[in-house]
Amino acid sequence: MTTAFVAGATGYTGSALVRTLAGSGVDTVAHVRPDSPKLNFWHSQFRDAGATLDTTAWTQAAMEQALNTHQPDLVFALLGTTQKRSRAASIQGTDASYEAVDYQLTHILLQACLQSCPQARFIYLSSMGVQASSRSRYMKVRWRMEQELLASGISCTIARPAFITGADRSENRPMERAGATATDMALEFAGLLGFRHTRQRYRSTNATDLAVALHRHATQPAQSQQIVEADALRP
């Protein structure tokens with residue numbers, strides 16, 4: 001049986017991926033940070049989905065031990081923060097910046113994977129538009145992590161979706177939802193004008209559809225190291 005370790009399991013995409021994997025017969029380990037204020041909630045949610053909860057602390061040694069114990073075939077890195085969370089954490093005296101969460105936690109997971117289960121495939125959720133010339137802090141961190149992952153030599157899939165949103169998203173992100181809606185409307189118009197490929201590539205996706213696509217590319221990779229753009233991240 002295939003075993004998958006999902007870091008970032010409590011996020012919009014992560015929770016959908018846990019349900020998708022477990023529902024497909026994959027032995028799924030959902031990681032939740034040990035100090036999560038909703039730990040009991042997630043334990044119940046993931047248990048009902050047929051997954052195993054893991055509460056390993058975010059340290060190199062602890063994560064290496066966890067991966068050594070689980071020996072996953074697939075390691076999913078779906079870690080990320082937002083400016084709102086970063087500002088709130090800063091007020092409380094903690095660091096939840098893009099550097100601390102999006103990069104550093106993914107770096108720890110990758111290094112642990114290289115040490116404890118180097119045969120696993122590492123699936124990294126990046127973003128559409130990431131490139132060397134990216135200027136935003138978010139994009140710069142994603143580009144740096146992509147390059148580190150490719151240089152590591154590990155078998156990997158880098159996914160670059162467009163907007164990830166939907167009516168089923170519990171977290172309130174009005175600006176993101178509005179941006180996705182406006183973009184999708186413009187793309188529909190472009191499609192009517194004959195630009196169907198552009199519409200397919202850039203339109204938003206919901207977490208369930210993305211989870212299905214991530215599972216497919218992880219288990220049926222086209223090559224040892226691949227970058228999957230938004231238009232291919234569809235069911």
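About the thresholds
Residues numbered from 1 in each chain as written. Predicted model: local features only at pLDDT ≥ 70, side-chain atom pairs only at ≥ 80, totals over all residues. Heavy atoms only, no water. Helix = DSSP H or I, 4+ residues; strand = E, 2+ residues; numbered from the N terminus. Expected span 1.5 Å × (residues − 1). Buried < 20%, exposed > 50% of the residue type's maximum accessible area, 1.4 Å probe, protein only. Contact = heavy atoms within 4.5 Å. Axes fitted to C-alpha atoms, helices over the stretch in contact; angles between N-to-C directions. Parallel < 35°, antiparallel > 145°, perpendicular 65-115°, else oblique. Nonpolar A, V, L, I, M, F, W, Y, C, P; charged D, E, K, R; others polar. Phe/Tyr/Trp six-rings, centres within 6.5 Å; stacked < 30°, edge-to-face > 60°. Lys NZ or Arg CZ within 6 Å of the ring centre and 35° of its normal. Core = buried A, V, L, I, M, F, W, Y, C linked by side-chain atoms within 4.5 Å. pLDDT = per-residue confidence, 0-100. Pairing = 2+ DSSP bridges.

Participant: With reference to specific residues and values, describe helix H1 (residues 12-23).
Facilitator: Structural remark: α-helix, 3.6 residues per turn; residues separated by three or four positions point the same way. Between its first and last C-alpha atoms H1 spans 17 Å; for 12 residues at 1.5 Å apiece the expected length is 16 Å, and the two agree. With 10 of 12 residues buried, H1 is to be regarded as a mostly interior element. For H1, the complete set of buried residues consists of Tyr-12, Thr-13, Gly-14, Ser-15, Ala-16, Leu-17, Val-18, Thr-20, Leu-21 and Ala-22. If you follow the buried residues of H1, they end up packed against strand E1 (3-7), strand E2 (27-31), helix H2 (39-49), strand E4 (74-77), strand E5 (121-125) and helix H9 (207-219). Immediately downstream of H1, the backbone of Gly-25 shows phi near 90°, a positive value.

Participant: So what's going on with the packing of helix H5 (residues 99-116) against helix H6 (residues 137-152)? Residues and values would help.
Facilitator: For the pair H5 and H6, interaxial distance at closest approach is 9 Å and the crossing angle is 10°. Here H6 runs roughly parallel to H5, going by the angle between their axes. Across from Glu-99, Asp-102, Tyr-103, Thr-106, His-107, Leu-110, Gln-111 and Leu-114 in H5, the residues of H6 making contact are Tyr-138, Val-141, Arg-142, Arg-144, Met-145, Glu-148, Leu-149 and Ser-152. Residue composition of the contact of H5 with H6, grouped by class: 7 nonpolar, 4 polar and 5 charged.

Participant: An account of the packing of aromatic side chains is needed here, citing residue identities and associated values.
Facilitator: Counted by the stated rule, this structure contains 3 aromatic pairs. With 5.0 Å between their ring centres and 75° between their planes, Phe-41 and Trp-42 make a pair best called edge-to-face. Since its relative accessible area comes to 12%, Trp-42 is described here as buried. Members of the aromatic cluster, joined through ring pairs, are Phe-41, Trp-42 and Phe-46. Between Lys-38 and the ring centre of Phe-41, over which it is positioned, the NZ or CZ distance is 4.6 Å. In this structure, Arg-144 is placed above the aromatic ring of Tyr-103, and the distance from its NZ or CZ to the ring centre is 4.1 Å.

Participant: Describe the nonpolar core, listing the residues and the values that go with them.
Facilitator: Most often, soluble globular proteins keep nonpolar side chains buried together rather than apart. Counting 29 residues, the largest nonpolar core has Val-6, Leu-17, Phe-46, Phe-76 and Leu-214 as its most contacted members. Within the residue set of this core, elements represented by two or more residues are E1, H1, H2, E4, E5 and H9. It is H9 that provides the largest number of residues to this core, a total of 6 residues. Excluding residues within four positions of it along the chain, Phe-76 makes contact with Ala-4, Phe-5, Val-6, Ala-7, Leu-17, Leu-21, Leu-109, Ile-123, Leu-214 and Ala-218. Listed in part, the 27 residues of the second largest apolar core include Phe-5, Leu-105, Cys-117 and Leu-149.

Participant: Account for the confidence of the model for the protein, with residues named and values stated.
Facilitator: For the protein, the mean per-residue pLDDT works out to 85, and 78% of the residues sit at or above 70. A low-confidence stretch, residues 175-195 (pLDDT under 50), is modelled with 23 contacts involving residues beyond four sequence positions or located in other chains.

Participant: Help me get a handle on the environment of Ala-51, residues and values and all.
Facilitator: Its place among the elements puts Ala-51 in the loop between H2 and strand E3 (52-54). With a relative accessible area of 13%, Ala-51 lands in the buried category. What Ala-51 contacts, discounting residues up to four positions off in sequence, is Val-18, Ala-22, Thr-28 and Phe-46.

Participant: How would you explain the pairing of strand E7 (residues 225-229) if you had to name every residue and give the values?
Facilitator: Side-chain alternation along E7 places Gln-226 and Val-228 on a buried face and Gln-225, Ile-227 and Glu-229 on a face that remains uncovered. Across 5 bridges, the pairing between strand E6 (residues 156-160) and E7 is parallel. Bridging across to E7, Thr-157 finds its partner in Gln-226.

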